[in-house]
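Fold and contact review
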Amino acid sequence: MASFKLSPLTVFIVGVAASAIVLGLGYIRYYRPNTEEAGNYNAYADQLQIEADKMPQAVQRVENAVNLVNRANAGWQEVVLRKTPPKTVREGGIDLAVNRWQLTVDAPQFRNSIQRAVNAQMRKGGIQVIQGPFVPDFPTDTASLVSDGFNYPALGFPAVFMDFGTITVEGRFEQICRHVEAWSKMPNYLAVATGLRFDGTSPTLRGTYQLSVVGFIRGNRVAPPVPESAGTAGGFGGSIGFGGPGGPPGGFGGPGGPPAGLGAPPALSRPGAAGGSGAAGAASRD
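This section reports on the structure supplied with the text. In this text, all values refer to a predicted model and were calculated from it rather than measured experimentally.

1. Some points on the overall build of the protein
- Scanning the protein from terminus to terminus reveals five helices and six strands.
- Shown N-terminal to C-terminal, the secondary structure of the protein runs as helices and strands in the order α-α-β-α-β-α-β-β-β-β-α.
- Counting all 286 residues of the protein, 34% fall into the buried class.
- Sequence-distant contacts, at least 24 apart, represent 76% of the contacts inside the protein between residues at least 6 apart.
- Total accessible area computed for the protein in this model is approximately 16300 Å², and 59% of it derives from carbon and sulfur atoms.

What follows is the structure, given as structure tokens:
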């Protein structure tokens, strides 16, 4: 029987081919998938590192935002201290947490306190008043007193808005300028005087401007409406909370009408802004 013998070259070629097949199978089945998976993990790790590198900046941005909010709150608290009326009727303010029947008694006193505060500002600068502001009455019924008189809950917090229209004064140029500038420093209220105009011949001039005053009511509770069946002022229980701007208050103290020389009260441009009817009724309390 004849024997079959492979030459060394043939054995070498067969070995190389077998090795190539084994290596190819290993590359396709193991090496390439593992390499691609490792590359994916590396790319994911790089993304995580990028996001991690952003963390200090994100933390700093959060801290900056918190600081901005705290500064804004601190600034508003300064406004609350200087530009909102007191909390009680005794101090010249108003407390909206009392029951609505009591509020109908307190609101006229608050109106008089506002008038006295406005009158005091009208004397600033040493001018002569020709046409001055007149604070109208608040609504007298319990149903609309808070909603129309204090704009709550429409605004989310109680506030009075008084648009006094045109104010007219006489005096020297520098007196009128000091008078108008003094409104920005009015205590307990935010007052805005705009559109100043001069007429006449120096040294005595006539100045006209537009005046608006806002009173934020400090506090955090408002008494609920009086039940229709209620026949007394007490026993209503509870109150409605609100989150106002720093918790605004109300008022001044004592009766007050417009100072001497004030003309007829201008009509409010905002219905129900600071009250209801009755220039004559308010003037009778002077």
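2. Comments concerning the pattern of salt bridges
- Under the defined criterion, the tally for this structure stands at three salt bridges.
- Residue Glu170 is joined to Arg206 by a salt bridge in which the shortest nitrogen-to-oxygen separation is 2.7 Å. You can see Glu170 sitting in strand β2 (residues 159-171) and its partner Arg206 sitting in strand β4 (residues 204-216), a full 36 residues away along the chain.
- With its nearest N and O atoms 2.9 Å apart, the salt bridge here joins Glu174 to Arg172.
- For Glu174, a relative accessible area of 37% translates into the label partly exposed.

3. Some thoughts on the sheet that holds β2
- Spatially, β1-β2-β4-β3 is the arrangement adopted by the four strands of the open sheet, whose pairing is antiparallel. The open sheet has two edge strands, β1 (128-131) and β3 (190-201), and neither has a second partner. Looking at each pair of strands side by side, their axes are set apart by 30° on average, direction ignored.
- Relative to β4, β2 is paired through 12 bridges, and the arrangement is antiparallel. Following the sheet pairing, Ala159 is matched in β4 by Phe216.

4. Comments concerning unusual backbone geometry
- A cis amide bond, omega 15°, links Tyr152 with the succeeding residue Pro153.
- Summarising the element assignment, Pro153 is placed in the loop between α3 (145-149) and β2.
- A cis geometry characterises the amide bond from Ser202 onward to Pro203, with omega recorded as 15°.
- Its identity as a non-glycine residue notwithstanding, Asn151 has a phi of 55°, on the positive side.
- Inspection of the secondary structure puts Asn151 in the loop between α3 and β2.

5. Here's the deal with the nonpolar core
- Of all hydrophobic cores here, the largest spans 34 residues; its most connected members are Phe110 and Phe150.
- Here this core takes seven residues from helix α2 (residues 100-122), the largest share from any one element.
- When sequence neighbours within four positions are dropped, the list of residues in contact with Phe150 reads Ile94, Leu96, Phe110, Phe138, Leu145, Phe157, Pro158, Ala159, Val160 and Ile217.
- Among the nonpolar cores identified, the runner-up in size contains five residues, and Phe157, Ala159, Val214 and Phe216 belong to it.

6. Things to note about helix α4 (residues 173-182)
- Listed as buried for α4 are Gln175, Ile176, Cys177, His179, Val180 and Ala182.
- Looking at the buried residues of α4, the elements they touch are α2, β2, β3 and β4.

The rules behind each value
Residues numbered from 1 in each chain as written. Predicted model: local features only at pLDDT ≥ 70, side-chain atom pairs only at ≥ 80, totals over all residues. Heavy atoms only, no water. Helix = DSSP H or I, 4+ residues; strand = E, 2+ residues; numbered from the N terminus. Buried < 20%, exposed > 50% of the residue type's maximum accessible area, 1.4 Å probe, protein only. Contact = heavy atoms within 4.5 Å. Areas by Shrake-Rupley, 256 points an atom, 1.4 Å probe, with all protein chains shown as cover. Salt bridge = Lys/Arg side-chain N within 4 Å of Asp/Glu carboxyl O. Pairing = 2+ DSSP bridges. Axes fitted to C-alpha atoms, helices over the stretch in contact; angles between N-to-C directions. Core = buried A, V, L, I, M, F, W, Y, C linked by side-chain atoms within 4.5 Å.

Just distances and angles here, no functional claims.
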